[in-house]
Amino acid sequence: MKLKPGFVPALLTPIDANGNLDEASYRKQIEDMIQAGAVGLLALGSMGKQAFLRPSTCVEVARVAVDAAAGRVPVFVGAMDVSICRAKERIAAMEDIDVAAFVFTAPYYEALSFDEMSNYIKAVAASTKHNVMVYDLPGVTRFKFNYNFVLRLRKEVPNLIGIKSADTQMFRKLVLDPEVPEDFIMVYSGLDTFDVAYKWGIKNCLDGMLPLTPKNTGKMFKAMADNDYDTAATCLNNIVYLRDRMAAHDLWPCASEIMHMLGYSGNHAPDWCNPIKPENVAVMRADLEKIGEL
């Protein structure tokens with residue numbers, strides 16, 4: 001499949017007090033992202049708390065995401081796990097949902113070799129009628145995808161359609177390789193250099209900060225499409241500024257509080273997180289106002 005140039009937000013997942021999906025909030029987030037210009041959606045990624053949700057909730061999240069998108073943009077759905085049998089169970093529970101692709105990191109409990117990772121991706125991909133993508137997340141999984149391994153997987157996995165990574169060197173080699181088709185999806189996740197990557201030719205970007213900054217995100221990608229990289233840089237600086245401020249004041253509680261300020265109910269942080277400190281509420285509101293999101 002061919003993905004149009006633009007951004008793919010990693011959706012945050014709002015959960016109610018009983019651990020169930022806050023469906024109205026999630027649908028609002030999806031609609032707002034599509035209206036901001038999203039060309040695709042990632043449900044159940046890292047910021048979507050896939051690893052922290054009940055399996056039944058994951059199925060509900062995927063079903064609602066696809067229904068809310070209503071065919072306007074493709075929906076990519078995380079099905080990450082720590083073993084082939086567990087990942088297959090996740091896939092089977094969502095197999096009837098019209099996802100654009102299931103997305104897999106390396107199993108994140110043990111560090112795998114290239115051969116072991118090949119075994120994993122081949123097995124899970126063969127268990128579904130849908131396309132699959134791989135998600136390069138070495139800081140969590142301790143496995144690093146590289147150029148040669150991606151080429152290997154393309155030969156071994158017929159339904160592999162793309163990769164998400166922050167590795168500009170790998171993407172550069174893939175883009176320049178004449179044997180890699182133009183419709184092989186390369187979604188760049190190096191937030192700090194989105195504008196540089198886009199200008200060079202990597203036209204799809206993904207991050208969990210995008211739902212938290214819909215105004216700056218929409219403006220940034222429109223500016224890049226118009227070759228207005230000064231405006232794009234200003235918007236990106238705003239997004240990175242907010243990310244760094246969140247990280248300095250406890251990222252997950254701040255992310256959830258920002259979503260509340262933007263009009264999205266539910267808890268967007270893992271259930272083991274502390275609530276946001278009262279003094280940080282004012283800090284986050286001031287930061288949103290400073291970058292023009294409020």
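Our subject is the structure listed above.
Residues numbered from 1 in each chain as written. Predicted model: local features only at pLDDT ≥ 70, side-chain atom pairs only at ≥ 80, totals over all residues. Heavy atoms only, no water.

(A) Representation of the sheet that holds strand β7 (residues 185-188) within the structure. Strand order across the open sheet formed by eight strands is β1-β8-β7-β6-β5-β4-β3-β2, with parallel pairing between neighbours. Of all the strands in the sheet, just β1 (6-9) and β2 (41-43) have a single pairing partner and so form its edges. With strand direction ignored, the average angle separating the axes of adjacent strands in the sheet is 30°. Bridging between β2 and strand β3 (residues 75-78) involves three bridges; their strand directions are parallel. Considered in β3, the bridge of leucine 41 is made with valine 75. (Pairing = 2+ DSSP bridges. Helix = DSSP H or I, 4+ residues; strand = E, 2+ residues; numbered from the N terminus. Axes fitted to C-alpha atoms, helices over the stretch in contact; angles between N-to-C directions.)

(B) Seen up close, helix α6 (residues 147-156). Those residues of α6 not exposed but buried are Tyr147, Phe149, Val150 and Leu153. The buried residues of α6 all sit within an arc of 165° when viewed along its axis, so they share a single face. Facing away from the buried side of α6, by more than 90 degrees, are the exposed residues Asn148 and Lys155. Of the surrounding elements, those touching the buried residues of α6 are α4 (114-126), β5 (132-135), β6 (160-165) and α7 (168-176). The N-cap of α6, judged by a side-chain oxygen 3.3 Å from the amide nitrogen of asparagine 148 a few residues on, is asparagine 146. (Buried < 20%, exposed > 50% of the residue type's maximum accessible area, 1.4 Å probe, protein only. Arc of directions from axis to C-beta. Contact = heavy atoms within 4.5 Å. Polar contact = N/O pair within 3.5 Å; in protein donor to acceptor, adjacent residues only side chain to side chain.)

(C) Local environment of the packing of aromatic side chains. Applying the stated criterion across every chain, the model contains 12 aromatic pairs. A centroid spacing of 6.5 Å and a plane angle of 85° characterise the contact between phenylalanine 104 and tyrosine 120, whose relative ring orientation is edge-to-face. Taken as a pair, phenylalanine 104 in strand β4 (residues 101-104) and tyrosine 120 in helix α4 lie far apart in primary sequence, 16 residues in all. Phenylalanine 104 sits in the buried class, given a relative accessible area of 1%. (Phe/Tyr/Trp six-rings, centres within 6.5 Å; stacked < 30°, edge-to-face > 60°.)

(D) Region of the structure containing the pairing of β3. Burial of β3 is two-sided: the residues Val75 and Val77 facing one way and the residues Phe76 and Gly78 facing the other way are all buried. With three bridges connecting them, β3 and β4 associate as parallel partners. For valine 77, the partnering residue across the bridge sits in β4 and is phenylalanine 102. Regarding the hand of the β-α-β motif, the stretch spanning β3, helix α3 (residues 84-94) and β4 is right-handed. (Right-handed = clockwise from strand over helix to strand, strands pointing away.)

(E) Geometry of helix α10 (residues 229-248). Helix length check: α10 (20 residues) gives 28 Å between terminal C-alpha atoms against 28 Å at 1.5 Å per residue, within 8%. Tyr229, Ala232, Cys235, Leu236, Ile239, Val240, Leu242 and Met246 are the residues of α10 that are buried. Down the axis of α10, the buried set is contained in an arc of 155°. They therefore lie on one face. Along α10, exposed side chains directed more than 90 degrees from the buried face belong to Asp230, Asn237 and Ala248. For α10, the secondary structure elements touched by its buried residues are α8 (194-200), α9 (214-225), α11 (251-261) and α12 (278-290). Aspartate 250 sits one or two residues past α10 and shows a positive phi near 85°. (Expected span 1.5 Å × (residues − 1).)

(F) Structural detail: the environment of aspartate 98. Tracing the chain through its elements places aspartate 98 in the loop between α3 and β4. On the basis of relative accessible area, aspartate 98 is assigned to the exposed category, the value being 62%. Once the C-alpha coordinates of aspartate 98 and glycine 71 are considered, the two residues, 27 residues apart in sequence, prove to be 9.2 Å apart.

(G) How the structure looks around the side chain of asparagine 204. Relative to the helices and strands, asparagine 204 is located in strand β8 (residues 204-207). Asparagine 204 sits in the buried class, given a relative accessible area of 8%. Those residues in contact with asparagine 204 that lie beyond four places of it in its chain are Leu3, Lys4, Pro5, Gly6, Val39, Met186, Val187 and Tyr188.

(H) Spotlight on the pairing of β6. Burial within β6 is extensive, with six of its six residues counted as buried. For β5 and β6, the ladder comprises four bridges, and the chain directions are parallel. Along β6, the bridge assignment pairs valine 134 with isoleucine 163. As defined by bridge partners, β6 adjoins β7 across four bridges and the pair is classed as parallel. By the bridge assignment, lysine 164 is partnered in β7 with valine 187. Viewed along the sheet, the connection from β6 through α7 into β7 turns out right-handed.

(I) The arrangement of a nonpolar patch on the surface in detail. A cluster of nonpolar residues, Val175, Leu176 and Trp200, forms a patch on the protein surface that exposes about 270 Å² of accessible area. Examined against the element boundaries, tryptophan 200 turns out to sit in helix α8. With relative accessibility at 34%, the residue tryptophan 200 sits in the partly exposed group. (Patch = residues over 30% accessible without salt bridge, like charges linked within 9 Å, V, L, I, M, F, W, Y side chains within 5 Å. Areas by Shrake-Rupley, 256 points an atom, 1.4 Å probe, with all protein chains shown as cover. Salt bridge = Lys/Arg side-chain N within 4 Å of Asp/Glu carboxyl O.)

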